[in-house]
Amino acid sequence: MAMELQIQVAQAVQVLNHDIQSCNRVAANQWLVQFQQTDAAWEVATSILTSNSSYVHDFEVELFSAQVLKRKIQNEGGCLQPEARTALQTALLLAAKRFSSGPPPLLTQICLALSALVLRSEEWKKPIEQLFAGLNELQEGHGNGSSAILELLTVLPEEVIEDQKNNATVSSARRWNFSQELLSHTPAVLEFLLQQSEDKVGELIQIHERNRKILRCLLSWVRVGCFTEIPQNTLPAHPLLNFVYNSLQVFSSFDLAVEVLTELVSCHEGLPQVLLCRMQSLKDGLLLPALTSGNEKIIFGLACLMAEIGQAAPGLIAEASPEALALADALLRCVSYQSEDWEIADSTLQFWCSVAGYLLGMEFERGSHKHMAFVTFIPVFTALLDALLLRAQVDSSDLSVDEPNGAFDIPDGLAHFRTNMEELLIDICHLLGPSQFIQKMFAEPWSSLEGPIPWQDVEVKVFVLNVVAEIVLQDAQPFDISVLMHLVMVLSNSSSGGHTGFMCWVQKSIAEVVGSYSKWVCSFHEAIVPLLLFLASGLGRFVAASACANALRRVCEDASKMLAEPSNLEVLLWIGEGLEEMHLHLHEEEDVISAIALVLSTVPNRELVNKSMERLLKSSYEAIELLLKIDSEGPLTQHSIGYAQLLESVARAFYRMGAIFTQLSTPVFSSSPGDETILLILRHFWPLLERIFSSDHMQNGCLSTAVCKALSQAIQASGRNFSALLSEVMDCLSRNFLSFQHHECFIRTAAVVIEEFGHEEEYGSLFISTFQMFTAADSVSALNSSYVCDQEPDLVEAYTSFTSTFVRCCPKEVVAAAESLVEASFQKAAICCAAMHRGAALAAMSYMSCFLEVCLSSILESSSCIVQGSFSNVALRICSHCGEGVISGVIYALLGVSALTRVHKSATLLQQLAAICKASERTNQNGIICWNSLQGWLLSTVQSLPVEYLNPGEAETLVPRWLNAMEGAALDYLESKKSKGGRASHGYMQGNGGRSLKLIIREFADTHRHTPPSL
């Protein structure tokens, strides 16, 4: 039977790898997958690896068998009986001996299986020692046995240091014991590796290949900490260290030697000094020839090694010894090396940051050794700045076209390098000082405003200026900004050739600098119009649009009065009128509109402001009218490209109006003339909005979101001016939500209305009616399980935010009148707080906490007598009906994913509920809710949990422990409310009781974080 299975396995592997029919390959794969799950797979795979049968003696079959054994050991090895493990280890050692001369992938898989088996042999005493005893047989009578030993010694430490995903069945304690036993054999392993390194028998190619295997094995043991097991003073002179250093001189072993040395330097503090003394010989013997010949493998490897030395011991480099300066010069040459990518230069950046950070943190007196070392490094970092500027330049030939928008992109490697060098540029600016740094930027002849402009040099230097803007501005010594303004004026001229891909990058970089230094830029009054034209032209170019929009907003903020002059204002309005053709992103368009509205806010002539607003919004009104005309004159062509484009234009129109409303709500526009402007816009805005709300176009999610956002901003800006329209507004919102229930924006906007007007009791019935319609909607009614909440997280967040606003902003009498609605929403929130979606769960918890806080404050204000029908009475009834749901929701939330992020809110909810139970006992309503109620809820919830959700015996201890902690937390809170120094933050988690409760909740969440709850 076993032989038949071997034959079937061999045939299936043959079909899987070589059959031309895909259906046959799929069938073979399915059969092999099923075969791997069977118990027979142990015997069959072992037999294939140890058998000399000519039929199955095929590399592919043997490799598959080794992989099967490895996977089964990793997944099921812990279930094997001791006798079976011993037999399996013997068989694997036999297979390792058989294939010690290759093929290498097969030998590796066999050794991986062996190491996985040893790791899971907990009942054996010293399993590694038993394995090592069996290794002696590998060399007996077999010339290549050392290859198998090397491979096994290589993979054994990897069982400890590799990512634990493959060791999920192994406990951390077992893995630690395994590593300790492994390290106890360090002397024998190092002696074996040393013997192998001294073995020069064989051809040169064989020797080089063996040396690579030795280095790979040594790297594994270094990573697991083998050299910590020997006296540290012997490490610098250890023969294996010389072997590794000598391996740098051999091209085939260079990369592994670098890895070993890099790992050693990062782990052993004495080694940087030892290797630093050898850097000059490495520089002369390896680096300089490699730089001349362009051998990037050698350059990159040495750059990484040298950088690691500096990062491990920056203080050693900062001493400015001849060896340290030689190392710095070598890395400076690596930065300057012109390769096709930026990986070599990028690998040195952390070295320079470490040294610069150390130098900047030194305390020294002038003339001291430390001061002299600091001064010595100034020319080094000045040269480094030159090298970075050269390597960070954008070559127009490297630009690639982004197909969707036709924009030009710089190479990813350059973009990554520029991002990584920002920290270093800031450090260099600190080292040189802002004045000297700026002087370095403008030291080139082109900065004299005469002759041709080298745009590549310009672009990289303005990029650097933008990076260090914060430091330069803090220095408060303005540099000569005329050079920058000269560049702006040149590019604002349409004949400057600024339409090429590279010049777009120049424009982007200059716009970023204009935005960063806007206060200084605005001092050039005569250049304002060219500056506006420069920014306007950049808005039409994809690459530069965001930078130009941001710069325009910053300039308008810093020079609003100057830009309010007629000639400047006319340019701004011209920009605003052309937005439709620019196809900006929404945030870019918002920057532009907000900038223009800000300038208009400083214009004293309100007639001019109103006319300017009409011009600014004319295209928006026209787009909306066109959409409404389509709706009234014929059926919607919803699948046409033209209709989609029109919808986008209308959505943008509402976003623009919303941005203007937001700007109008600033203090500058708080006077009555500002109200005039708001009313002028509202006269156009509301009729259009009413018609849009009544149209079928609102089924489009993007349009409805834009409309609701604009309405929210209009309400927040206009205040009382909107009060006469509240009934129509709430009707539109509730009616549209019932029609398009996946658009939660209607609920969010209703919450904004209540936020603004909820405190006025006259609107109470209107808000309750809206609350009723939202709650009765099918989509909200369906929120009766955490699974549904996870399907509609945005709806959960919007609805719970609305209910929080209702409870928080409306008079208590209004909230009490909506008792059934509040109770229903509170029950839904208790369910939603166990959702896997973090945002939805936290929003639900926030609503519950908001209601409990309002309830608790009302009870404490009511003293001991609570009137029937009052808010306090209603709130206690809701708590009595929903209390068990709150406890259940909190516990399930702590059993779910992301439980640790819900610890604070969970503890707060429990503290609030406990405080309410304690406080109610002091009132005439203790028959509704009391401390015994809380005890019953907690006990009922714990008893209803599936047994697998709690640890053995935990159910008996959890209830009394939690109740004790909740009582202490409740008393803490109530006491903080009584004391005159009670915190405005409600005292949650502030006292010992609160902190103890939070600690217990965190511990519970941490120990149950893998439980899969479902509420």
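For the structure, check the block above.
The rules behind these values
- Residues numbered from 1 in each chain as written.
- Predicted model: local features only at pLDDT ≥ 70, side-chain atom pairs only at ≥ 80, totals over all residues.
- Heavy atoms only, no water.
- Helix = DSSP H or I, 4+ residues; strand = E, 2+ residues; numbered from the N terminus.
- Buried < 20%, exposed > 50% of the residue type's maximum accessible area, 1.4 Å probe, protein only.
- Contact = heavy atoms within 4.5 Å.
- Areas by Shrake-Rupley, 256 points an atom, 1.4 Å probe, with all protein chains shown as cover.
- Lys, Arg positive; Asp, Glu negative; His and termini not counted.
- Salt bridge = Lys/Arg side-chain N within 4 Å of Asp/Glu carboxyl O.
- Expected span 1.5 Å × (residues − 1).
- 1 Å grid on protein atoms, 1.4 Å probe; cavity = no way out; pocket = protein on both sides within 12 Å on 5 of 7 lines; lining within 4 Å.
- Points joined across faces, edges and corners; volume = space filled by probe spheres on them.
- Nonpolar A, V, L, I, M, F, W, Y, C, P; charged D, E, K, R; others polar.
- Phe/Tyr/Trp six-rings, centres within 6.5 Å; stacked < 30°, edge-to-face > 60°.
- Lys NZ or Arg CZ within 6 Å of the ring centre and 35° of its normal.
- Core = buried A, V, L, I, M, F, W, Y, C linked by side-chain atoms within 4.5 Å.
- Patch = residues over 30% accessible without salt bridge, like charges linked within 9 Å, V, L, I, M, F, W, Y side chains within 5 Å.
- Charge placed at Lys NZ, Arg CZ, Asp CG, Glu CD.
- Bend = angle between axes of the 7 residues up to and from the residue.
- Disulfide = S-S within 2.5 Å.
- Axes fitted to C-alpha atoms, helices over the stretch in contact; angles between N-to-C directions.
- Parallel < 35°, antiparallel > 145°, perpendicular 65-115°, else oblique.
- Left-handed = near helix turned anticlockwise from the far one by under 90°.

Here's the deal with the overall build of the chain
Step number 1: When helices and strands are tallied, the chain shows 53 helices and two strands.
Step number 2: Within the chain, the fraction of its 1015 residues that count as buried is 55%.
Step number 3: Here the contacts in the chain between residues at least 6 apart in sequence split such that 76% fall between residues at least 24 apart.
Step number 4: Summed over its atoms, the accessible surface of the chain is roughly 43,200 Å², and 52% of this surface lies on carbon and sulfur atoms.

Things to note about the side chain of Glu744
Step number 1: Position of Glu744 relative to the elements: it lies in the loop between α40 (726–739) and α41 (745–757).
Step number 2: Summary of buried charges: Glu744 has no salt-bridge partner, and the nearest side chain of opposite charge, Arg748, is 4.1 Å away.
Step number 3: Setting aside residues no more than four positions away along its own chain, Glu744 makes contact with Asp794, Leu795 and Ala798.

Topic: helix α53 (residues 992–1007)
Step number 1: Compared with the 22 Å implied by 1.5 Å per residue over 16 residues, the 23 Å span of α53 between its first and last C-alpha is a close match.
Step number 2: At its buried positions, α53 is contacted by α49 (871–895), α50 (903–920) and α52 (954–978).

Let's talk about empty space enclosed by the protein
Step number 1: Taken as a whole and assessed by the stated rule, the structure comprises one cavity of 30 Å³ or more.
Step number 2: Space inside the largest cavity adds up to approximately 30 Å³.
Step number 3: Taken together, the elements giving at least two residues each to the lining of the largest cavity come down to α36 (606–633) and α38 (672–693).
Step number 4: When residues in the lining of the largest cavity are grouped by element, the largest group, four residues, is from α36.
Step number 5: Per-class residue counts for the lining of the largest cavity are five nonpolar, one polar and one charged.

Some words on the pattern of salt bridges
Step number 1: Enumeration over the complete set of coordinates arrives at 29 salt bridges.
Step number 2: For the salt bridge of Glu577 with Arg615, the shortest nitrogen-to-oxygen distance reads 3.0 Å. Within this pair, whereas Glu577 is found in helix α33 (residues 566–577), its partner Arg615 is found in helix α36, the two being separated by 38 residues in sequence.
Step number 3: The exposure class of Glu577 is partly exposed, given its relative accessible area of 33%.

Digging into the layout of surface pockets
Step number 1: The space that makes up the largest pocket amounts to roughly 540 Å³.
Step number 2: Of all elements in the fold, only α6 (104–119), α8 (145–161) and α11 (204–224) reach the threshold of two or more residues within the lining of the largest pocket.
Step number 3: The leading source of residues in the lining of the largest pocket is α11, at six residues.
Step number 4: Tallied by class, residues from the lining of the largest pocket come to four nonpolar, 10 polar and seven charged.

Here we look at unusual backbone geometry
Step number 1: At Ala320, a position not held by glycine, the phi torsion is positive, near 60°.
Step number 2: Residue placement: Ala320 occurs in the loop between α17 (314–318) and α18 (322–336).
Step number 3: For Ala320, a relative accessible area of 16% corresponds to the buried category.
Step number 4: Positive phi is not limited to glycine here, since His583 has a value of about 55°.
Step number 5: Within the secondary structure, His583 sits in the loop between α34 (579–582) and α35 (586–600).

Some details on the packing of aromatic side chains
The geometry of an aromatic ring pair is captured by two quantities: the separation of the ring centres and the angle between the planes.
Step number 1: Evaluated as defined, the whole model comprises 18 aromatic pairs.
Step number 2: Ring centres 5.6 Å apart and planes at 5° place the aromatic pair Trp31 and Phe35 in the stacked group. With Trp31 and Phe35 both in helix α2 (residues 22–36) and four residues apart, the pair spans about one turn of that helix.
Step number 3: The exposure class of Trp31 is partly exposed, given its relative accessible area of 30%.
Step number 4: The interplanar angle of 75° and the centroid separation of 5.6 Å between the aromatic rings of Phe771 and Phe802 together place this pair among those described as edge-to-face. Taken together, the positions of Phe771 in helix α42 (residues 764–776) and Phe802 in helix α45 (residues 793–809) put the pair 31 residues apart, joining distant regions of the chain.
Step number 5: Residue Phe802 is classed as buried on the basis of its relative accessible area, which comes to 0%.
Step number 6: The ring centre of Trp931 lies 4.7 Å from the NZ or CZ of Lys918, which sits over that ring.

Some words on the nonpolar core
Step number 1: Grouped together as the largest cluster of nonpolar side chains are 374 residues, with contacts concentrated most on Trp352, Phe381, Ile510, Phe654, Phe685, Phe806 and Trp962.
Step number 2: The greatest single-element share of this core, amounting to 15 residues, is contributed by α49.
Step number 3: If sequence neighbours within four positions are ignored, Trp962 has contacts with Ile891, Leu894, Leu910, Leu938, Ile1000, Ile1001 and Phe1004.

Quick word on a negative patch on the surface
Step number 1: Together, Glu296, Glu340, Asp341 and Glu343 give the surface a local cluster of negative charge.
Step number 2: Taking the relative accessible area as the measure of exposure, Glu340 reaches 79% and is therefore exposed.

A look at α49
Step number 1: Over its 25 residues, α49 runs 34 Å from end to end, which matches the ideal 36 Å to within 8%, given 1.5 Å per residue.
Step number 2: Of all bends in α49, the biggest is about 55°, found at Cys882.
Step number 3: Of all 25 residues that make up α49, 21 are buried, and the element is covered over most of its length.

Regarding the environment of Cys708
Step number 1: Its location among the elements puts Cys708 in helix α39 (residues 701–718).
Step number 2: The class for Cys708 is buried, based on a relative accessible area of 1%.
Step number 3: Taking the C-alpha atoms as reference points, Cys708 and Ile747, separated by 39 residues in sequence, lie 9.3 Å from one another.

Section: the state of the cysteines
Step number 1: Throughout the structure, instances matching the rule amount to zero disulfides.
Step number 2: Counting only cysteine sulfurs, Cys879 is the nearest neighbor of Cys855, a cysteine outside any disulfide, at a range of 4.0 Å.
Step number 3: According to the relative accessible area criterion, Cys855 is buried, its value standing at 0%.

Remarks on the packing of α40 against α41
Step number 1: For the pair α40 and α41, the least separation of the axes is 9 Å and the interaxial angle reads 155°. In terms of orientation, α40 lies roughly antiparallel with respect to α41. You can see that α40 and α41 cross each other, and the crossing is left-handed. Two secondary-structure elements touch here, α40 through Leu726, Val729, Met730, Leu733, Asn736 and Phe737 and α41 through Phe746, Ile747, Thr749, Ala750, Val753 and Phe757.
Step number 2: Here the contact of α40 with α41 is composed, by residue class, of 10 nonpolar, two polar and no charged.

Re the packing of α33 against α35
Step number 1: At a closest axis distance of 10 Å, the pairing of α33 and α35 adopts a crossing angle of 150°. Compared by their axis directions, α33 and α35 come out roughly antiparallel. Crossing geometry of α33 relative to α35 is assigned as left-handed. The residues of α35 that touch α33, namely those facing Leu569, Leu572, Leu573, Ile575 and Gly576, are Val592, Ile596, Val599 and Leu600.

As for the environment of Ala659
Step number 1: Relative to the elements of secondary structure, Ala659 occurs in helix α37 (residues 641–664).
Step number 2: On the basis of relative accessibility, which here comes to 2%, the residue Ala659 falls in the buried class.
Step number 3: Through-space distance from the C-alpha of Ala659 to that of Val592 is 9.5 Å; in sequence the pair is 67 residues apart.
Step number 4: If sequence neighbours within four positions are ignored, Ala659 has contacts with Glu590, Ile593, Ser594 and Gln713.

Details of the environment of Phe654
Step number 1: As for its position among the elements, Phe654 is in helix α37.
Step number 2: For Phe654, a relative accessible area of 0% gives the class buried.
Step number 3: A sequence separation of 49 residues divides Phe654 from Leu703, and the C-alpha atoms of the two residues are 8.5 Å apart.
Step number 4: Ignoring sequence-local partners within four residues, the contact set of Phe654 consists of Ile624, Phe685, Leu689, Ile692, Leu703, Ala706, Val707 and Ala710.

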